[in-house]
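# Examination of the molecular architecture
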Amino acid sequence: DFLHNVYEMPWWHDVSTTKSMSAQKQPKLTVADQMRKAFEPILDALNIKPNRLVRCLFAAMPPGATIPTHHDTGLWVRHTHRVHIPIIVEDPNCILFQCGPTEDTMIRVACVPGHVFEMNNQAKHGVSNCDPTEHRVHVILDYVDEDFVIPNRIKLQANETLLQTRRSIDRTLDAGKRPTPSYFILGAQKSGTTSLYDYLNQHPLIVRAKRRETHCLDWRWDDSLKTTKARQEHCLSFFYAKELHKHPSLLTGDSTPSYLLDSKQCIERMKEVFPHDLRFFVCCRDPVKRARSQFAMVTSLDGTPEQIKARGKEWLNKTFEDVVLHDIQNMKEDGLIPYWNLETQTIDLDIFHSFIDTKEENDAWLKYLKRIPMDTGSHSLISRGLYALQIKPWIKAYDMEQFCFFKLEDWKKEDGVKRCVQRAFDHLGLPQFEVEDESAKNTRSYEFKEEDVGKMLQRFYEPHNGRLCKILDGEEWKDPWPYNSE
């Protein structure tokens, strides 16, 4: 199981066997004894201990079948040795088994019963059973070196059933142990959430939701449903919940970046329909650049009719400055930014520090959130960049350990995506995996010439960025976007 779990058959641990299986002198060998005795010469030939085995199976190849030339991929391939042992081969001349660094350099390997051979399954290999009537049966096993640490070895019970996919192995008795979903990417919009969702879903143990942004907790929430069970079923319908119930080694999640902002509704609903232990991701970005990116997206006419409709038309005939000033005016009217001078476009830091984290600020924030429309994405251009204010309700409702925070700018550094994605997999308790596609998603080119607006927004956001630094302790969050150096 991805070298994360190794499942061991009951006969492998049968009490009637000892470390020295060949020395046993019993009147009657059990099935377990016979199995272990049959494997002992194989392990001796390979000079490996039984506890290094991580995979063992019987592979029957039908008459006339061919496995085309290929090479195996995946994290486990780099850490395991692949061994074949032909056990039922009617005519070895009818088995064409080839292996080599390239298709042009492959050589034939003799498939004679009892021939134990190790092959490099990262190299090219393929096999054909040319026998017209008889199956070919091999034992195929993988083992790891002594220095490889196997996280879990699980002894199976007699008569229990395993469910195997190309990506997972699960015990039927574990069905339902992992509730759906396992994680949420809460936001912020235009801060790398689409890219993060794509990176996560490249992991073999993560399954995509039926749609990336489910919005099941905001504008797809069904107020007509009157019971928790009905609301849970509605929200679970956006995921492959029934299928995942049988495969708890797999997990799925949602990326709806409006949730971070709309905490008043979403937290209460989330706790009702998804009361289990969850993991959260929050992506942040220079809020000035984030605002420009949101404006460019919402006013773009590129995309599907559904996407264009969801963006709304409210900003199409307005400038970036118009929308910026309108959102600031809304926050001012709701009492959320008493420290901001509309005329001079400056912040009074004394008022700022005396106002933040007060009941008055919280009440003003809730009042502002009531402005959020449910039928358009053309809203909250500037408030979406107030990350500390948005994060506070979430870390109050859930433990801080459930959150993983990212700064988009870190992804653009050398090996930045790789490091951040490994953090994300660790946060989800998944074995490490190297994503193949590290390209940014949902990006577009745009230009802004309104430099005065940009400088004004830097003055507006700078103390809020410092506030974020106090919430997210860590070297990378100290002065996350140093405007004075630009």
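The rules behind the values
- Residues numbered from 1 in each chain as written.
- Predicted model: local features only at pLDDT ≥ 70, side-chain atom pairs only at ≥ 80, totals over all residues.
- Heavy atoms only, no water.
- Helix = DSSP H or I, 4+ residues; strand = E, 2+ residues; numbered from the N terminus.
- Rg over C-alpha atoms; globule rule 2.2 N^0.38 Å.
- Buried < 20%, exposed > 50% of the residue type's maximum accessible area, 1.4 Å probe, protein only.
- Contact = heavy atoms within 4.5 Å.
- Areas by Shrake-Rupley, 256 points an atom, 1.4 Å probe, with all protein chains shown as cover.
- Lys, Arg positive; Asp, Glu negative; His and termini not counted.
- Charge placed at Lys NZ, Arg CZ, Asp CG, Glu CD.
- Patch = residues over 30% accessible without salt bridge, like charges linked within 9 Å, V, L, I, M, F, W, Y side chains within 5 Å.
- Salt bridge = Lys/Arg side-chain N within 4 Å of Asp/Glu carboxyl O.
- Pairing = 2+ DSSP bridges.
- Axes fitted to C-alpha atoms, helices over the stretch in contact; angles between N-to-C directions.
- 1 Å grid on protein atoms, 1.4 Å probe; cavity = no way out; pocket = protein on both sides within 12 Å on 5 of 7 lines; lining within 4 Å.
- Points joined across faces, edges and corners; volume = space filled by probe spheres on them.
- Nonpolar A, V, L, I, M, F, W, Y, C, P; charged D, E, K, R; others polar.
- Parallel < 35°, antiparallel > 145°, perpendicular 65-115°, else oblique.
- Left-handed = near helix turned anticlockwise from the far one by under 90°.

### Points about the overall build of the chain
- On a plain count of helices and strands, the chain comes out with 14 helices and 19 strands.
- Computed over its C-alpha atoms, the radius of gyration of the chain comes to 29 Å, more than 25% above the 23 Å expected for a compact globule of 486 residues.
- Oriented by its inertia axes, the alpha-carbon framework of the chain measures out at about 95 × 50 × 45 Å.
- Counting only residues that meet the buried cut, the chain has 49% of its 486 residues in that class.
- For the chain, restricting intrachain contacts to residue pairs at least 6 apart in sequence, the fraction spanning at least 24 positions comes to 76%.
- Accessible area for the chain stands at about 25000 Å²; split by element, carbon and sulfur atoms hold 51% of it.
- Side-chain charges in the chain split into 65 positive and 71 negative, and the spacing between the mean points of these groups amounts to 3 Å.

### Quick look at a negative patch on the surface
- Together, Glu118, Asp145, Glu146 and Asp147 make up a negatively charged patch on the protein surface.
- Tracing the sequence through the fold places Asp147 in the loop between strand E9 (136-144) and strand E10 (152-155).

### Points about the sheet that holds strand E3 (residues 66-70)
- Pairing is antiparallel in the open sheet, where 4 strands are placed in the order E3-E8-E5-E6. The sheet is open, and its two edges are formed by E3 and strand E6 (107-109), each paired on a single side. Across the sheet, the axes of successive neighbouring strands diverge by a mean angle of 20°, strand direction being ignored.
- Here strand E5 (residues 95-100) pairs with E6 via 3 bridges, running antiparallel. If you follow Gln98 over to E6, its bridge partner there is Arg108.

### Thoughts on the sheet that holds strand E7 (residues 117-119)
- Ordered by their spatial adjacency, 4 strands build an open sheet running E2-E9-E4-E7, and the pairing between neighbours is antiparallel. Two strands close off the open sheet at either side, each with one partner strand: strand E2 (53-61) and E7. When strand polarity is set aside, the average angle formed by the axes of neighbouring strands in this sheet is 25°.
- For strand E4 (residues 80-88) and E7, the ladder comprises 3 bridges, and the chain directions are antiparallel. Counterpart to His84 in the pairing with E7 is Phe117.
- Against the sheet, helix H1 (residues 31-46) makes contact with E2, E4 and E9, and its axis sits at roughly 60° relative to E9, the strand it touches most.

### A closer look at empty space enclosed by the protein
- What the rule picks out here adds up to 1 cavity of 30 Å³ or more.
- If you add up the space inside the largest cavity, you get close to 30 Å³.
- Around the largest cavity, the lining residues are Val89, Glu90, Asp91, Ile95, Asn129, Asp131, Glu134, His135 and Arg136.
- Split by residue class, the lining of the largest cavity holds 2 nonpolar, 2 polar and 5 charged.

### Details of the environment of Pro393
- Relative to the helices and strands, Pro393 resides in helix H11 (residues 387-397).
- Taking the C-alpha atoms as reference, Pro393 lies 8.3 Å from Ile267; in sequence the two are 126 residues apart.

### Things to note about the environment of Ala209
- Relative to the helices and strands, Ala209 is located in the loop between strand E14 (206-207) and helix H3 (228-236).
- Residue class for Ala209 comes out buried when judged on its relative accessible area of 7%.
- Along the primary structure Ala209 and Pro181 are separated by 28 residues, whereas in three dimensions their C-alpha atoms are 8.8 Å apart.
- When near neighbours in sequence (up to four residues on either side) are disregarded, Ala209 contacts Tyr197, Thr214, Phe238, Phe239, Tyr240, Thr252 and Gly253.

### A word on the packing of helix H2 (residues 193-200) against helix H13 (residues 416-427)
- Packing of H2 against H13 leaves a shortest axis separation of 10 Å and a crossing angle of 70°. Compared by their axis directions, H2 and H13 come out roughly perpendicular. Handedness of the crossing formed by H2 with H13: right-handed. Contacts between H2 and H13 involve Leu196, Tyr199 and Leu200 from the first element and Val417, Val421, Ala424 and Phe425 from the second.

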